[in-house]
2 protein chains.
Amino acid sequence: MADTRLIFASAAAVLVASAAMAADEPALLAEARQVFQPLPKQLSTAEATLGNERIKLGRMLFFDPRLTVDGNVSCATCHQPALYGADGLSKSIGVQQRPHPRNAPTVLNSGLNTIVHWRGDRDSLEDQASKALQSPITNGLPDIAAALDRLKRIPGYAPLFNAAFPGDAAPLNVGNVANAISAYERTLLTPAPFDAYLVGDADALSPSARRGLASFINIGCSACHNGVGIGGSIYQKFGIVEDYWTATGSQTIDKGRADVTKDPADLYVFRAPSLRNVAMTAPYFHDGSVSMLSDAVRIMARVQLGSKLSDPEVNDIVAFLESLTGELPPAFATAPILTPAAVTAGQH
Amino acid sequence: MADTRLIFASAAAVLVASAAMAADEPALLAEARQVFQPLPKQLSTAEATLGNERIKLGRMLFFDPRLTVDGNVSCATCHQPALYGADGLSKSIGVQQRPHPRNAPTVLNSGLNTIVHWRGDRDSLEDQASKALQSPITNGLPDIAAALDRLKRIPGYAPLFNAAFPGDAAPLNVGNVANAISAYERTLLTPAPFDAYLVGDADALSPSARRGLASFINIGCSACHNGVGIGGSIYQKFGIVEDYWTATGSQTIDKGRADVTKDPADLYVFRAPSLRNVAMTAPYFHDGSVSMLSDAVRIMARVQLGSKLSDPEVNDIVAFLESLTGELPPAFATAPILTPAAVTAGQH
């Protein structure tokens with residue numbers, strides 16, 4: 001937490017200095033470029049090479065419900081193309097109606113997040129996918145062997161694993177399921193009008209969105225929601241000025257990262273999420289307690305920054321947030337064709 | 001049932017006569033044209049006009065999980081693009097883990113079926129959609145008012161209903177939900193190699209598929225699986241020569257249409273389904289009791305026609321059935337973008 005607070009404090013200092021430049025368009029762009037970065041064309045890491053075969057396999061696995069206990073839940077159940085990679089629910093519903101503890105963030109641009117899950121309790125996208133495959137809520141099969149057995153029963157997967165992981169003697173394993181899904185997820189980037197703005201097209205944002213951008217920086221939102229993800233890389237206490245659960249009407253109090261680290265300093269601490277596509281992915285916050293984006297903006301300003309925003313300020317910030325809505329990647333909007341094979345009762 | 005048996009008997013008589021022509025390619029095509037028809041370019045009925053606005057709305061409704069009790073089941077849950085409009089399950093799973101009584105047929109080409117549902121207990125696609133919207137298994141909301149209330153809470157639907165049903169004073173009603181979904185479903189046609197064959201391209205079928213077509217006609221499969229849908233329009237008793245549940249290993253005996261009509265003559269009577277895309281939509285039969293297409297072919301021949309097929313005959317018939325696999329319509333393969341709005345707890 002110490003590091004995060006330092007970033008928060010120093011960023012806030014920079015932003016106070018920039019307030020006077022809000023009406024000055026070139027200065028606004030220059031300021032924005034110090035705080036945010038446009039999307040890269042693609043993401044690849046040494047640990048997770050984005051080979052085409054791996055992406056193709058990962059896309060199939062992402063959409064395949066047959067990997068889970070009753071064969072009716074896939075990654076795409078909580079991360080639906082029609083709902084911009086989220087599910088529209090406050091808290092997701094897993095296999096056999098089992099409740100997820102928190103709101104499903106969109107899978108879009110998830111490769112940009114340096115913190116994975118609301119409480120940072122996953123090390124990487126690979127770790128997330130691997131744990132999901134073994135989770136009683138997400139998967140429900142008795143063990144990883146049963147999940148892999150499902151894959152082995154579907155003709156067509158074995159050659160795809162061989163092609164995606166040519167160096168492996170036995171490529172159909174849990175690590176490679178996670179590698180393939182993560183490789184696919186890293187391709188799910190959504191270039192948005194704000195990216196065009198950052199590379200110099202001032203007209204990519206409406207005047208209202210530009211005013212909103214200035215406010216977003218000046219009142220301090222960008223202290224946490226910054227960088228290429230416009231968030232996703234900083235922990236912050238939810239409820240700096242006021243208790244969050246009072247402001248949001250949350251029905252349960254979530255201690256956040258403190259339950260993971262057992263450090264009292266992490267009480268009510270969560271990842272400040274990426275705001276890319278936020279206008280398409282209601283409801284909001286870790287518990288999905290707020291349905292309207294304008295309400296979420298008001299609550300954030302009040303509870304985190306002690307600011308009471310005017311209606312025009314809220315409207316402008318929402319206009320800016322809408323400029324973070326990108327186009328769905330075709331490989332996400334369009335479902336892959338899965339190798340046909342039935343999941344019949346008693347196959348686990 | 002009397003009509004159906006008459007059709008069966010007369011078709012069988014024609015088919016015996018055609019057996020000698022099986023190796024004669026022009027004769028095979030001529031014979032096939034008497035039994036089957038190629039897909040039309042589009043389907044439209046006087047009752048269900050396929051206006052673009054109606055189709056667009058129906059597509060959104062089809063993919064929208066927020067119409068159901070917990071906001072996590074849509075039409076696309078049991079009719080998934082990645083699984084060719086079916087779900088890969090023996091019997092589908094509805095809201096809150098409630099079991100469906102029978103296997104989900106693919107939604108693709110469902111506009112061709114003159115019999116709706118396995119037992120013909122729906123009058124039309126509109127009736128099916130309307131009853132699904134009110135079903136405790138499919139929807140789960142307490143009444144139709146609650147389902148319509150969900151729609152009214154999602155901004156963006158009201159103008160779409162106005163545009164799709166310009167003559168209606170209050171267009172957001174259950175009939176129009178059903179009309180829109182059905183209009184969309186009628187667009188889900190999948191032209192296949194066999195359609196190209198029927199309009200004169202003999203090479204659209206492999207030699208094995210052509211042999212399979214000849215067998216399919218000659219042994220009598222096409223007595224029920226004929227017409228433009230290659231089935232979907234005739235009732236037939238499942239188990240003419242042997243009990244079906246013994247042959248399939250079914251765990252429950254389903255009385256079929258007799259439970260609908262209360263007519264003992266309808267005992268074990270079901271719709272002979274369309275075989276379009278059958279190779280992509282395992283498992284098979286009303287109870288999804290058989291996983292492999294080759295097994296389904298063997299069982300059908302034995303139980304319905306008293307024929308024991310050789311392995312080459314089965315392989316050829318499967319090759320013919322694979323020629324019924326069409327291309328997914330882009331408006332089905334690709335998800336629509338839904339108007340964002342959260343379904344939060346307690347909204348029904």
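Residues numbered from 1 in each chain as written. Chains lettered and ligands numbered in written order. Predicted model: local features only at pLDDT ≥ 70, side-chain atom pairs only at ≥ 80, totals over all residues. Heavy atoms only, no water.

## Comments concerning the pattern of salt bridges
Put simply, the rule is: Within this document, salt bridges are pairs made up of a side-chain nitrogen of Lys or Arg and a carboxyl oxygen of Asp or Glu, the two lying within 4 Å of each other.
What the rule picks out here adds up to 24 salt bridges over all chains. Shared partners join several salt bridges into a network, and the residues in it are A:Arg119, A:Asp121 and A:Arg122.

## A look at the layout of surface pockets
Residues and elements named next belong to chain A. Cut-off, in case you're wondering: In this analysis, the protein atoms alone were mapped onto a 1 Å grid. Cavities are point sets where a 1.4 Å probe fits without being able to get out; pockets are open sets with protein on both sides within 12 Å along at least five of seven lines; lining residues have an atom within 4 Å of a point. Grid points are joined across faces, edges and corners, and a volume is the space filled by probe spheres set on the points. Only DSSP runs of H or I with at least four residues qualify as helices, and only runs of E with at least two residues qualify as strands; both kinds are numbered from the N terminus onward. Ten residues, namely Ala, Val, Leu, Ile, Met, Phe, Trp, Tyr, Cys and Pro, are considered nonpolar, four, namely Asp, Glu, Lys and Arg, are considered charged, and the remaining ones, Gly among them, are considered polar.
Volume-wise, the second largest pocket comes out at about 920 Å³. Around the second largest pocket sit 42 residues that line it, and His100, His117, Gln128, Ala132 and Thr138 are the ones nearest its centre. Per element, the largest residue contribution to the lining of the second largest pocket is six residues, and it comes from helix H5 (residues 125-133). Of the residues contributing to the lining of the second largest pocket, the split by class is 19 nonpolar, 15 polar and eight charged.

## Some words on the relation of the copies chain B and chain A
What counts is decided by this rule: Overlaid copies result from least-squares superposition on C-alpha atoms, with residues included only where pLDDT is at least 70 in both. The criterion used for residue contact is that any of the two residues' heavy atoms lie within 4.5 Å.
Relative to chain A, chain B is turned by 180° and slid 0.0 Å along the rotation axis, the superposed coordinates differing by an RMSD of 0.0 Å. Such values leave the two copies arranged in the relation of a two-fold axis. Across chain B, the rotation axis passes nearest the C-alpha of B:Thr334, at a separation of 2.0 Å. Of all interface residues in chain B, 100% are interface residues in chain A too; the two copies therefore contact each other through one and the same surface.

## Observations regarding the interface of chain B and chain A
Operational definition: Defined in terms of a 1.4 Å probe, buried area is the accessible area two parts forfeit on being brought together, summed over both. We call two N or O atoms a polar contact when they sit within 3.5 Å, provided that within protein one can donate a hydrogen and the other can accept it, with sequence-adjacent residues counted only if both atoms are side-chain atoms.
Listed as interface residues are 37 residues of chain B and, on the opposing side, 37 residues of chain A. Of all residues in chain B, B:Ala82, B:Gln97 and B:Ile337 give up the largest surface area on contact with chain A, accounting jointly for 17% of the area buried on that side. Linking chain B to chain A there are zero salt bridges. On the surface where chain B and chain A come into contact, there are seven residue pairs in polar contact (both at pLDDT 80 or more).

## Description of the domain arrangement of chain A
All names here are of chain A. How we decide: Where each domain starts and ends comes from a domain assignment, either automatic or drawn from a database.
The domains assigned to chain A are domain 1 (27-41 + 190-322) and domain 2 (52-188). Measuring from the centre of the C-alpha atoms in domain 1 to the corresponding centre in domain 2 gives 27 Å. The interface is formed by 30 residues belonging to domain 1 together with 24 residues belonging to domain 2. One salt bridge in this structure joins Arg102 and Asp254, with 2.7 Å as the shortest N-O distance. Secondary structure elements with two or more residues in the side of domain 1 that touches domain 2: strand E1 (234-237), helix H12 (258-261) and strand E2 (269-272). The residue makeup of the side of domain 1 that touches domain 2, split by class, is twelve nonpolar, twelve polar and six charged.

## Remarks on the packing of aromatic side chains
Residues and elements named next belong to chain A. Our working rule: To pair, rings of Phe, Tyr and Trp, with the six-membered ring standing in for Trp, must have centres within 6.5 Å; the planes then decide the type, stacked if under 30 degrees apart, edge-to-face if over 60, and tilted in the middle. Note on classification: 1.4 Å probe, protein chains only; a residue is buried when its accessible area is under 20% of the maximum for its type, exposed when over 50%, partly exposed between these limits.
Tallied over the entire structure, the rule returns 36 aromatic pairs over all chains. Relative to Phe270, the ring of Tyr244 lies with its centre 6.2 Å away and its plane at 90°, an arrangement referred to as edge-to-face. In this pair, Tyr244 is assigned in helix H11 (residues 244-248) and Phe270 in strand E2, connecting sequence segments 26 residues apart. We classify Tyr244 as buried; its relative accessible area is 0%. Looking at Phe270, the relative accessible area reads 3%, which means it is buried.

## What about the state of the cysteines?
What counts here: Throughout, a disulfide means two cysteine sulfur atoms within 2.5 Å of one another.
Evaluated as defined, the whole model comprises zero disulfides over all chains. A:Cys78 carries a free sulfur, and the closest cysteine sulfur to it, the one in A:Cys75, is 9.0 Å from it.

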